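Residue-level listing of the chains:
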Amino acid sequence: EIHINRGVAFSAKGNDYTAIQDFKEAIKLGSANAIAYADIGFSLQRIGDTDQAIAYFDEAIKHGSTAPLVYASRGLTWLTKGSFENAIYNYNDAINLNQNGANLGVALSAKLFVDRGFAWEKMGDLEKALSDYREAIKIDPNNTVAVRNRDSTIATIAAKREIRP
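Residues numbered from 1 in each chain as written. Predicted model: local features only at pLDDT ≥ 70, side-chain atom pairs only at ≥ 80, totals over all residues. Heavy atoms only, no water.

Asks: Break down the overall build of the chain for me, citing the residues and quoting the values.
Replies: What the chain contains, in helices and strands, is nine helices and zero strands. Listed N to C, the secondary structure of the chain is α-α-α-α-α-α-α-α-α in terms of helices and strands. Its C-alpha atoms put the chain at 65 × 30 × 25 Å along the principal axes. Within the chain, buried positions represent 42% of all 165 residues. A sequence separation of at least 24 residues applies to 44% of the contacts in the chain between residues at least 6 apart. (Helix = DSSP H or I, 4+ residues; strand = E, 2+ residues; numbered from the N terminus. Buried < 20%, exposed > 50% of the residue type's maximum accessible area, 1.4 Å probe, protein only. Contact = heavy atoms within 4.5 Å.)

Here's what the structure looks like:
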């Protein structure tokens, strides 16, 4: 427990490499719970080690994590890697686990839909992307990224319709 708490403190100060060592020590000492694995995943994600971050998020889930943030973070990591289908799969889980925004709050709940919308957009499904951007705006009308992406997607859809014979 002390290693997890110390790891969280190091991570909060931006010292993710030291935090990872404390989280790993906690696991080695028998605190192999979902939180320790998830915290390693968060730290690895921040330092850009996407493959290892995904592996640790997988371990957190195997150890029983149902935290929407773990699924969302794994989704974001897949999104960063350009694996849009995997990102969507994880965002779906995060959205379902988020229980109408009760777990993550307004800003992060909206971000789930913005990020999934971006993945849909990259996969070429503009209608699903637009639906997600609209949902994000319903959750957080002040989300400028959602508004910008919605407007851009509407313009792209309109342009494609004009081109068709």
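Asks: Before we move on, could you go through the packing of aromatic side chains and cite the residues and values that matter?
Replies: Here a ring pair, both rings aromatic, is described through the centre-centre distance and the interplanar angle of the planes. Under the definition given, this model contains two aromatic pairs. Both rings, one in Phe-42 and one in Phe-57, keep their centres 5.5 Å apart while their planes meet at 55 degrees; by these two values the pair is tilted. With a gap of 15 residues between them, Phe-42 in helix 3 (residues 34–47) and Phe-57 in helix 4 (residues 50–62) connect regions that are remote in the sequence. This pair shows no difference in class: Phe-42 is buried, exactly as Phe-57 is. (Phe/Tyr/Trp six-rings, centres within 6.5 Å; stacked < 30°, edge-to-face > 60°.)

Asks: Go over the side chain of Ser-11 with me, naming the residues and quoting the values.
Replies: Along the chain, Ser-11 turns up in helix 1 (residues 2–12). Beyond its immediate chain neighbours, meaning those up to four positions away, Ser-11 contacts Asp-16, Ala-19, Ser-43 and Arg-46.

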